[in-house]
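Now for the letters of each chain:
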Amino acid sequence: MKIIVTTDSTSDLPKELVEKYNIGVMPLNVNLGDDTFEDGIDIGPEKIFNYVDTTGILPKTGARSALAYQEFFEKQMKDLNADALIHISLSSELSSSHENALMASQELQNVKVLDSMSLSTGCALLVLSAIDKINEGKDLRTIYLELQEERNRVQASFVINNLKYLYKGGRCSALAMFGANVLRIKPKIKLANGKMIVDKKYMGRYEQVLINYVKDLLKDYQNVDKKRVFITFTTKNDEINAQIEQILKDYGFEEIIQNYAGSTIASHCGRDTLGVLFITL
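Cut-offs used in this document
- Residue numbering note: each chain is counted from 1, following its sequence as written.
- With pLDDT at 70 or above as the cut-off, local features in this predicted model cover only qualifying residues; side-chain atom pairs require 80 or more to be listed or tallied, and sums for whole chains, interfaces and linings still use all residues.
- Excluded from the side-chain calculation are hydrogens and water; included are all heavy atoms of the structure.
- Residue types Ala, Val, Leu, Ile, Met, Phe, Trp, Tyr and Cys, when buried and joined through side-chain atoms within 4.5 Å, form a set referred to as a nonpolar core.
- Only protein chains enter the accessibility calculation, which uses a 1.4 Å probe; a residue is then buried when its area is under 20% of its type maximum, exposed when over 50%, and partly exposed in between.
- Segments assigned H or I by DSSP are reported as helices when at least four residues long, segments assigned E as strands when at least two residues long, and all are numbered from the N terminus.
- Between two residues, a contact is recorded if the distance between any of their heavy atoms is within 4.5 Å.
- Pairing between two strands requires that DSSP report at least two bridges joining them.

Novice: So what exactly am I meant to see when it comes to the nonpolar core here?
Specialist: Nonpolar side chains in soluble globular proteins generally cluster together in the buried interior. In this structure, Leu-13, Phe-73, Ile-88 and Leu-147 are the most contacted members of the largest nonpolar core, which totals 52 residues. A per-element tally of this core places helix α5 (residues 121–135) first, with seven residues. Discounting residues that sit within four places of it in the chain, Leu-147 has contacts with Ile-86, Ile-88, Leu-114, Leu-126, Ser-129, Ala-130 and Lys-133. In this structure, Tyr-202, Leu-218, Val-229 and Leu-248 belong to the second largest nonpolar core, which totals 23 residues.

Novice: What is the right way to look at the pairing of strand β14 (residues 273–279) in this model?
Specialist: Taken residue by residue, a regular strand's side chains alternate between the two faces of the sheet. Of all seven residues making up β14, seven are buried, and the element is well covered by its neighbours. By the bridge criterion, two bridges tie strand β8 (residues 154–155) to β14 in an arrangement that is antiparallel. What sits directly across from Gln-155, in β14, is Phe-278. Bridging between strand β9 (residues 157–160) and β14 involves two bridges; their strand directions are antiparallel. Among the inter-strand pairings, Val-159 is bridged to a residue of β14, identified as Leu-274.

Novice: What is the right way to read unusual backbone geometry from this model?
Specialist: Excluding glycine, most residues fall at negative phi; most peptide bonds, likewise, are trans. Positive phi values are uncommon outside glycine, yet Asp-12 reaches one of about 55 degrees. Residue position: Asp-12 is located in the loop between β1 (3–8) and α1 (15–20). Phi at Ser-120 takes a positive value of approximately 55 degrees, unusual for a residue other than glycine. The topology assignment puts Ser-120 in the loop between β7 (111–115) and α5. Exposure remark for Ser-120: the relative accessible area of 1% places this residue in the buried category.

Below, the structure is given as structure tokens:
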């Protein structure tokens, strides 16, 4: 049985991996005022940042319909001559995408939809894990059940340099933002039970905060699957990224993937946001 993997654009998978493994990507909608764009196709973080800078308004992300998912699944299976498909969706706590994809799957045979309970490269880790399991010869049900358990061990978090986007999105008060700016607080946003929460607050220069954040992660999660790790960011800083990559390499990670975050993280967190994401054992 030939099994293929699809996911939402919010998984922020690098293009080269999408092409290498023939991963189907469903672009979610991003609305800038009255204009609708397809995530990763005709909109990315810079367009979002420019829009917010100009208007002061955050974009809105939109799920695709159940019918759109059904047509997407059917096309993917036909194009790749597949017998089965597993779709890994954005957290159901953040979007109705999962519900719509699940509804679509019920109209088809051998299509499974997994709620990642994560976003960005937290989803991507599960996508790549699914590819590994397919290559190991596992069947659809086994892959689905193993991913269901594995999603609880995905460590997904980001550090934000500026609270402006969280404030605009109603996730922090004006007083909290003022205090954070005065004290140079950089919050760590973590995915917990599929939701974004403030997990820790760092103080000081952003570049040093990122180093401390990575070192803390490796202390907090000692039983780590060292097969792969993502360094995901909205703004690239070659120097700091190289330092983080070296820390992760020294720790023993085998595959270190650096890539840009997509529209979801950009919309929620803004510029100068970076996360290190991996799976624990």
